[in-house]
Amino acid sequence: MAFTIKNPPEFTLEIPQWDRDSLGDGIEMAKVPEALLNNEVYLKAAAERLEHVTPVTLPASGWTGSAAPFTQTVAVSGAVDGMEPMLVSALEDGASAAEQKAYIKAYGIVCSGTAELGNGTATFKVYKKPTSDITIGLKGV
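Analysis parameters
- Residues numbered from 1 in each chain as written.
- Predicted model: local features only at pLDDT ≥ 70, side-chain atom pairs only at ≥ 80, totals over all residues.
- Heavy atoms only, no water.
- Helix = DSSP H or I, 4+ residues; strand = E, 2+ residues; numbered from the N terminus.
- Rg over C-alpha atoms; globule rule 2.2 N^0.38 Å.
- Buried < 20%, exposed > 50% of the residue type's maximum accessible area, 1.4 Å probe, protein only.
- Contact = heavy atoms within 4.5 Å.
- Lys, Arg positive; Asp, Glu negative; His and termini not counted.
- Charge placed at Lys NZ, Arg CZ, Asp CG, Glu CD.
- Expected span 1.5 Å × (residues − 1).
- Arc of directions from axis to C-beta.
- Phe/Tyr/Trp six-rings, centres within 6.5 Å; stacked < 30°, edge-to-face > 60°.

A.B. asks: It is not clear to me how the overall build of the chain should be interpreted in this structure. Could you clarify?
C.D. replies: Across its full length, the chain carries 2 helices and 6 strands. Here the C-alpha atoms of the chain give a radius of gyration of 22 Å, more than 25% beyond the 14 Å that 2.2 N^0.38 yields for 141 residues. Taken over the C-alpha atoms alone, the chain extends approximately 70 × 35 × 20 Å along its principal axes. For the chain, buried positions account for 26% of its 141 residues. A sequence separation of at least 24 residues applies to 74% of the contacts in the chain between residues at least 6 apart. Of the side-chain charges in the chain, 11 are positive and 17 negative, and the distance between the mean point of each set is 12 Å.

A.B. asks: Would you explain helix 2 (residues 97-111) in this entry?
C.D. replies: Structurally, the α-helix is built with 3.6 residues per turn, so residues lying three or four positions apart point the same way. Spanning 15 residues, helix 2 covers 21 Å between terminal C-alpha atoms, matching the ideal 21 Å at 1.5 Å per step. Within helix 2 the residues assigned to the buried category are Tyr 103, Ala 106, Tyr 107, Ile 109 and Val 110. When helix 2 is viewed along its axis, its buried side chains cluster within an angular range of 155° and face the same direction. When the buried face of helix 2 is taken as reference, the exposed residues oriented beyond 90 degrees from it are Ala 97, Lys 101, Ile 104 and Lys 105. If you follow the buried residues of helix 2, they end up packed against strand 1 (53-58), strand 3 (86-89), strand 5 (121-126) and strand 6 (134-139).

A.B. asks: Please clarify how the side chain of Asn 38 should be interpreted in this entry.
C.D. replies: Checked against the element boundaries, Asn 38 lands in helix 1 (residues 26-51). What makes Asn 38 buried here is its relative accessible area of 4%. The contact partners of Asn 38, leaving out residues within four places of it in the chain, are Thr 4, Ile 5, Lys 6, Pro 9 and Glu 10.

A.B. asks: How should I be thinking about the packing of aromatic side chains in this particular structure?
C.D. replies: Aromatic rings considered in pairs are described by the distance between their centres and by the relative angle of their planes. A full pass over the atoms with the stated rule returns 2 aromatic pairs. Between Phe 11 and Tyr 42 the ring centres are 5.7 Å apart and the planes differ by 45°, which places this aromatic pair in the tilted class. Here Phe 11, found in the segment before helix 1, pairs with Tyr 42, found in helix 1; they are 31 residues apart in sequence, far enough to count as distant. According to the relative accessible area criterion, Phe 11 is partly exposed, its value standing at 39%. With a relative accessible area of 34%, Tyr 42 lands in the partly exposed category. Ring plane angle 15° and centroid distance 5.8 Å describe the contact between Tyr 103 and Tyr 107, whose orientation is recorded as stacked. One end of the pair is Tyr 103 and the other is Tyr 107, both in helix 2 and 4 residues apart, which spans about a single turn. For the pair Tyr 103 and Tyr 107, a shared accessibility class is recorded, and that class is buried.

This is the structure we're talking about:
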């Protein structure tokens, strides 16, 4: 008998418990390890997603609004409404002192604002427009 792994994986708590008084129907009993296997695949995918960092570029010219808060919506592959990723620095190793200074300033502005994920998008709101393009990381998308 082959087990079916659902795509996307699904997690369920609806797994019947069998005891010695249960009817020994092989087809029904096979659903238990299949559900457990799907739970395992779901949890593995969730754990991998938590460690994954998705780079997001926010161009300085992309901010809209004539007064604070300024907004920018960008495409984010894998983003789903309701996700709560962590914002992380994506400053490249070996950046010059001038690049570091500009990055830290823009990163601080983005960090002090807010962000909300939608299906395939992220909308950032800041209270001061960054003067340089910035690539940040979203960990957990």
